[in-house]
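Per-entry structural report
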Amino acid sequence: MARRPLPRILSTGSAQIARSRELARTAADSATDVLHPLITITRGLRRLASAGRRKWAETPKDRRGPLLFMVASVILVVALVPHGPLLAVITLMAAAAWQGRDRTPPAPEGPDESQIQRLQSLYEALVPHFSTAEDPSPLYAHGGEWEKVFPSYEFDDSDRVTHLLVRYPAYFPDGEGEPRARVEQLLAAKSGRGREYLFDWEEEGNELTVRVLAPLPTDIAAQRFVTAPGETVLGFTDHSQVHRTLPLTHGEEQRDVPPVVWRTGPRSTEPHLLAVGQPGSGTSTLLRSIALQALQYGDVLIVEGGGTGEYACLTGRDGVLGVEVGLAGALASLEWAASETERRLIAANHARQAGHPPPDDTKRPLWILLDRPTAFTPLAEADGRKDPQSLLQVPLRHGRAVHVAVVVAEQFDRLDLLSDAVRQHTRARVVLGPAPARQLEALLGARPRSTPVDQVPPGRGYARLGSGPVHRLQVPATPDPYDDATSDAHRQAVLDLLPPRTTPADGESLPVPVEAVAAESS
């Protein structure tokens, strides 16, 4: 299927609108600077006229006649004096300019007392990290001047730091992870806990920029994303991290949000994915979101080790090959997946040797989604059967060439039970929920540029695709539509994306909750 380029208005429309707004704002500022004297005099004339009306209204009626006579006499004298009208106009303009001046009190320059105390506290806390006894002219010293090392800073309404530029000495080992991590942890704790900070180290200039990150949107529901075949939206991130946006529908509004796009297929360098998180962190939500997107172009096989029925909404749907929750069904499904991968490899190889393109049935994407597969490991050992993870070696090693993708979701406390094949071949990683920085680095292979926080909403975490950068991630809300705690809007959004229900292979209809049937028919 040929890849069609996105409409130009979707890819460059937001940039053109931003440039147009910037040009309009610049033109308005320039016009205001040129016309500022005229604006000031006009404002002053209005104030003088208002003062005259108030004076006339406050004057008793029996005194208005003498007042008019006095004003007329002054005008007559001014008219008879040489250059009197000119001097009167100059005096009137000067009075109008004085009355029309901007009387807004100037903003206080520099930080106030509480802000100075915060900056001094930050400076003193950084002294042990940015100073050595051998430095003859230390930039950081106890009782020193913080103005030299904090040239730029911003505060919010509660006097907490929102932006800070830190200068540090050249001998600080900013290329090593541990010293940088200690400084980042200190700055995050001293600037205010409960917020995410982005740290941008400029090693050439010996400067560190710290700024507070805005929370990622959590109200984006599941929907059809504008992507090409082979592209899967894992979630959404910051505008500064990616150079692409997707048009999304939020109620009756539309907005452009930067996505984290995972590419699969023969040309992908990260064809398989591992998602890790605590219970309730949103790993099942991520798998449901991937399944709904995968069903648009391919087939899906789901193996659920938790047995909680998180994927019951997909049972019997068109394109869903199976939703297995038992050990026997998981083994049978994964054995078929391994043999199907081998069949595709043999068929594609024969076609290449004959000089023909690969058959169509080898190019339709096959997705194998496993939620908590380690739950089957002790059961398989007790029954003397194979571990279902052992059947993933062929799809993991050779699935990319024949459009087979494997997605595994597991919890932190069960990672040691994952097989070596799963660890080695899942180079696309997602970590959801709260996690310490060391654990994030161990799973993602690199430290995030922002500080993790202890309290995060479901579906919030980090993603790294291969050797790329670490992105903040918010998974789109894709709850189980059969869950009573799901909101009506999110339930309907998921139901709208589900393929039509088909008859299972055994010819019997699968039981569906009554409330789900009512929701689908509404």
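Residues numbered from 1 in each chain as written. Predicted model: local features only at pLDDT ≥ 70, side-chain atom pairs only at ≥ 80, totals over all residues. Heavy atoms only, no water.

1. Some thoughts on the confidence of the model for the protein chain
Per-residue confidence for the protein chain gives a mean pLDDT of 85; residues scoring 70 or more make up 88%. Note on residues 1-12: pLDDT under 50 across the span, and 8 contacts to partners over four residues away in sequence or across chains. This stretch, residues 505-522, has a pLDDT under 50; its non-local contacts, to residues over four places away or in other chains, come to 18 contacts. (pLDDT = per-residue confidence, 0-100. Contact = heavy atoms within 4.5 Å.)

2. Focus: the sheet that holds strand S1 (residues 152-155)
Here 4 strands make up an open sheet; going across it, the order is S1-S2-S4-S3 and the pairing antiparallel. Strands with a single pairing partner mark the edges of an open sheet, and in this sheet they are S1 and strand S3 (197-202). Each strand of the sheet is rotated relative to its neighbour by a mean of 10°, with strand direction disregarded. Here S3 runs beside strand S4 (residues 207-212); their pairing, made up of 6 bridges, is antiparallel. In the strand pairing of S4, Leu198 is matched with Arg211. Strands strand S2 (161-167), S3 and S4 of the sheet are contacted by helix H6 (residues 177-191), whose axis makes an angle of about 140° with S3. (Pairing = 2+ DSSP bridges. Helix = DSSP H or I, 4+ residues; strand = E, 2+ residues; numbered from the N terminus. Axes fitted to C-alpha atoms, helices over the stretch in contact; angles between N-to-C directions.)

3. Describing the environment of Pro215
Along the chain, the position of Pro215 falls in the loop between S4 and strand S5 (231-236). Along the primary structure Pro215 and Val456 are separated by 241 residues, whereas in three dimensions their C-alpha atoms are 9.7 Å apart.

4. Remarks on the pairing of strand S12 (residues 366-371)
Taken across its 6 residues, S12 has 6 buried, putting it largely inside the fold. Residues Leu366, Ile368 and Leu370 of S12 are buried on one face, and the alternating residues Trp367, Leu369 and Asp371, pointing to the opposite face, are buried as well. For strand S10 (residues 299-304) and S12, the ladder comprises 6 bridges, and the chain directions are parallel. Across the sheet, the residue bridging to Asp299 is Leu366, located in S12. Pairing geometry for S12 and strand S13 (residues 404-411), over 6 bridges, is parallel. Bridged to Asp371 within S13 is Ala409. (Buried < 20%, exposed > 50% of the residue type's maximum accessible area, 1.4 Å probe, protein only.)

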